Amino acid sequence: MHVKTFEGFNMNEVIKRIKRQFGKEAVILSTKEKILPDSDAKIIEIKAAVAENKYKQGATLTPAHQSSDENFEIMEKIDNLEKKIEYIQEKMAIKEQYTNLETSLKELKLLCMNTLKQKSQTFQVDIPENFEDIYQQLQLTGVETPYLLDTINHLKSIKSFDESKKSNFNSAIEYHRSNAIRFMYNKIRIYPSIKPVAAHTQIHLFVGGSGVGKTCSIAKIALLMQKKEKAKVLLVSYNSKKLAPGELLYTYSKVLNITHVMIEEPSELETVILKHRDHNLILIDSVDTSLKQKESNDAFLQLVNQSIPIEVHLVLSLTESNMQMDRTITKYSRLGIHSILFTKLDESWTYGDMYNVSCKWSIPLSFFATGQKIQDDLEVASRERVIERLFGL
């Protein structure tokens with residue numbers, strides 16, 4: 001008896017294949033469903049058999065018949081592969097539609113927040129006397145009105161200083177300030193620390209606009225990971241437009257004695273990983289782009305949509321306007337932003353946008369760049385450091 005397993009996306013398709021190859025004498029031995037690897041697609045698997053003499057009559061009469069039968073099997077496999085590819089492409093299209101929908105929702109959220117912000121500025125906010133000092137201080141640091149009112153409303157909802165039996169506060173201002181700090185502290189999201197491990201390569205892509213200090217920040221992170229985590233770091237310049245040669249990152253790599261490579265196509269990344277498999281941390285620097293350049297965003301999408309897991313970090317300068325930050329986040333949100341790295345804290349007079357962005361976009365904060373020095377001017381983001389800067393602690 002000749003036995004063979006047939007696969008397809010539906011029962012009728014598989015049965016037709018069995019009849020084409022085995023004829024009407026075929027006997028079905030088993031039928032089951034299974035899931036394609038790395039997807040949720042279900043396929044039908046049928047094991048069929050035919051008597052050896054029947055199969056031989058149809059398959060080995062002449063060399064021509066044998067060749068024809070072999071060709072049939074090859075064509076059948078090609079046909080099956082094409083159907084699997086069509087299914088995967090369909091799934092990818094759905095994923096892209098989902099990403100576009102997610103981006104649209106974020107843009108709608110941004111529009112709503114801006115509308116609320118404008119409305120809040122058109123009327124006089126009535127702030128209780130007990131909370132005026134806190135409100136004014138946070139307003140001066142750049143915290144937006146909707147988040148200021150959230151904090152004030154929280155303070156209104158808890159016990160007053162007179163009702164509280166806590167004895168470790170010397171005044172009502174100190175009591176309300178402590179509660180405001182606790183409330184805002186819990187609103188801030190922090191990205192888990194980068195912890196490279198042996199025999200596993202972590203890949204992090206850094207994106208952002210021109211002049212935000214992205215490449216310098218990558219060099220700082222590379223040095224920090226090399227010294228603190230004993231990571232074997234690889235620096236990669238991704239130049240999809242083949243315009244920027246990545247000299248700055250290359251220069252940093254020479255100073256820090258870290259390996260540096262350049263890629264121009266997303267497909268090159270896999271080759272780089274295999275060639276440098278002894279490195280457990282890869283930091284990718286992308287070409288600085290304008291917010292209006294859609295092509296550059298598409299190039300980044302090609303890179304992150306590969307089967308290789310990549311964490312995406314958006315670099316923002318704290319000296320940028322709030323509107324500019326929102327537009328930048330909107331542009332790169334299609335990539336799936338894992339964290340935000342703030343730079344130029346030493347050049348900014350206010351720190352409220354660190355809190356605003358964290359609340360508005362629900363994106364964790366990862367690092368704070370506080371100057372030009374590679375070795376010293378980088379902080380791992382923490383809630384404590386944001387609160388210290390907001391309240392002047």
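Parameters and conventions
Residues numbered from 1 in each chain as written. Predicted model: local features only at pLDDT ≥ 70, side-chain atom pairs only at ≥ 80, totals over all residues. Heavy atoms only, no water. Pairing = 2+ DSSP bridges. Helix = DSSP H or I, 4+ residues; strand = E, 2+ residues; numbered from the N terminus. Axes fitted to C-alpha atoms, helices over the stretch in contact; angles between N-to-C directions. Buried < 20%, exposed > 50% of the residue type's maximum accessible area, 1.4 Å probe, protein only. Right-handed = clockwise from strand over helix to strand, strands pointing away. Parallel < 35°, antiparallel > 145°, perpendicular 65-115°, else oblique. Left-handed = near helix turned anticlockwise from the far one by under 90°. Contact = heavy atoms within 4.5 Å. Salt bridge = Lys/Arg side-chain N within 4 Å of Asp/Glu carboxyl O. Arc of directions from axis to C-beta. Phe/Tyr/Trp six-rings, centres within 6.5 Å; stacked < 30°, edge-to-face > 60°. Lys NZ or Arg CZ within 6 Å of the ring centre and 35° of its normal.

1. As for the sheet that holds strand E9 (residues 339–343)
Okay, so step 1: Sheet architecture is open: eight strands sit in the order E6-E5-E7-E4-E8-E9-E10-E11, paired in mixed fashion. The sheet is open, and its two edges are formed by strand E6 (259–263) and strand E11 (378–380), each paired on a single side. When the angles between neighbouring strand axes are averaged without regard to direction, this sheet yields 25°.
Okay, so step 2: Summarising the sheet, strand E8 (residues 311–317) and E9 pair through five bridges and their orientation is parallel. In the strand pairing of E9, His 313 is matched with Ser 339.

2. As for the pairing of strand E10 (residues 365–369)
Okay, so step 1: Counting buried positions along E10 gives five out of five residues, so the element sits mostly inside the fold.
Okay, so step 2: Relative to E10, E9 runs parallel, the two sharing three bridges. Bridge pairing links Ile 340 to Leu 365 in E10.
Okay, so step 3: Between the parallel pair E9 and E10, the chain is carried across by helix H12 (residues 352–361), and the sense of this crossover is right-handed.
Okay, so step 4: Both E10 and E11 contribute to a ladder of three bridges, which runs antiparallel. Pairing of Phe 367 across the sheet is with Val 380, part of E11.

3. Observations regarding the packing of helix H7 (residues 214–228) against helix H8 (residues 247–256)
Okay, so step 1: It is at 10 Å that the axes of H7 and H8 come closest, and there the two elements cross at 25°. On the basis of the axis angle, H7 is roughly parallel to H8. In this structure, H7 crosses over H8, and the sense of that crossing is right-handed. Across the interface between the two elements, Thr 215, Cys 216, Ile 218, Ala 219, Leu 223 and Gln 226 from H7 touch Leu 248, Leu 249, Tyr 252 and Leu 256 from H8.

4. What about H12?
Okay, so step 1: The buried count for H12 comes to ten of ten residues, which makes it a mostly enclosed element.
Okay, so step 2: Of all the residues in H12, the buried ones are Gly 352, Asp 353, Met 354, Tyr 355, Asn 356, Val 357, Ser 358, Cys 359, Lys 360 and Trp 361.
Okay, so step 3: Trailing H12 by a residue or two, Ser 362 shows a phi angle of about 55°, which is positive.

5. Some remarks on the pattern of salt bridges
Once their charged atoms are close, side chains differing in charge can pair, the charge on each being opposite to the other.
Okay, so step 1: Enumeration over the complete set of coordinates arrives at nine salt bridges.
Okay, so step 2: Here Asp 326 ties to Lys 360 by a salt bridge, and the two come within 2.9 Å at their closest N and O atoms. One end of the pair, Asp 326, is in helix H11 (residues 322–332); the other, Lys 360, is in helix H12, and 34 residues separate them in sequence.
Okay, so step 3: Each member of the salt-bridge network shares a partner with another, and the members are Glu 379, Arg 385, Glu 388 and Arg 389.

6. Some thoughts on helix H9 (residues 268–275)
Okay, so step 1: Turning to H9, its buried residues number three or more, namely Leu 269, Val 272 and Ile 273. The buried residues of H9 occupy an angular sector of 100° when the element is viewed end-on, so they sit on one face. Residues Thr 271 and Lys 275 are exposed on H9 and point more than 90 degrees away from its buried face.

7. Side note on the sheet that holds strand E2 (residues 27–35)
Okay, so step 1: Spatially, E1-E3-E2 is the arrangement adopted by the three strands of the open sheet, whose pairing is antiparallel. Lying at the two open borders of the sheet, with one neighbouring strand each, are strand E1 (2–8) and E2. Strand after strand, the sheet turns through a mean of 20° between neighbouring axes, direction not considered.
Okay, so step 2: Both E2 and strand E3 (residues 42–50) contribute to a ladder of eight bridges, which runs antiparallel. Opposite Lys 34, over in E3, you have Ile 43 as the bridge partner.

8. Some details on the packing of aromatic side chains
Okay, so step 1: With the rule as written, the count across this model stands at four aromatic pairs.
Okay, so step 2: Ring geometry for Phe 6 and Phe 22: centres 5.6 Å apart, planes at 90°, overall edge-to-face. Here Phe 22 lies in helix H1 (residues 11–22) and Phe 6 lies in strand E1, a separation of 16 residues in the sequence. The same class applies to Phe 6 and to Phe 22, which are both buried.
Okay, so step 3: Plain terms: the ring middles of Tyr 147 and Tyr 355 are 6.4 Å apart, the flat faces sit at 85° to each other, and that makes the pair edge-to-face. Taken together, the residues span a long stretch of sequence, with Tyr 147 in helix H5 (residues 145–157) and Tyr 355 in helix H12 at a distance of 208 residues. Here the two residues Tyr 147 and Tyr 355 agree in accessibility, since each one is buried.
Okay, so step 4: An aromatic cluster is present here, built from Tyr 238, Phe 300 and Tyr 332 joined pairwise through their rings.
Okay, so step 5: Geometry around Tyr 185 places Arg 383 over its ring, the cationic atom sitting 5.7 Å from the centre.

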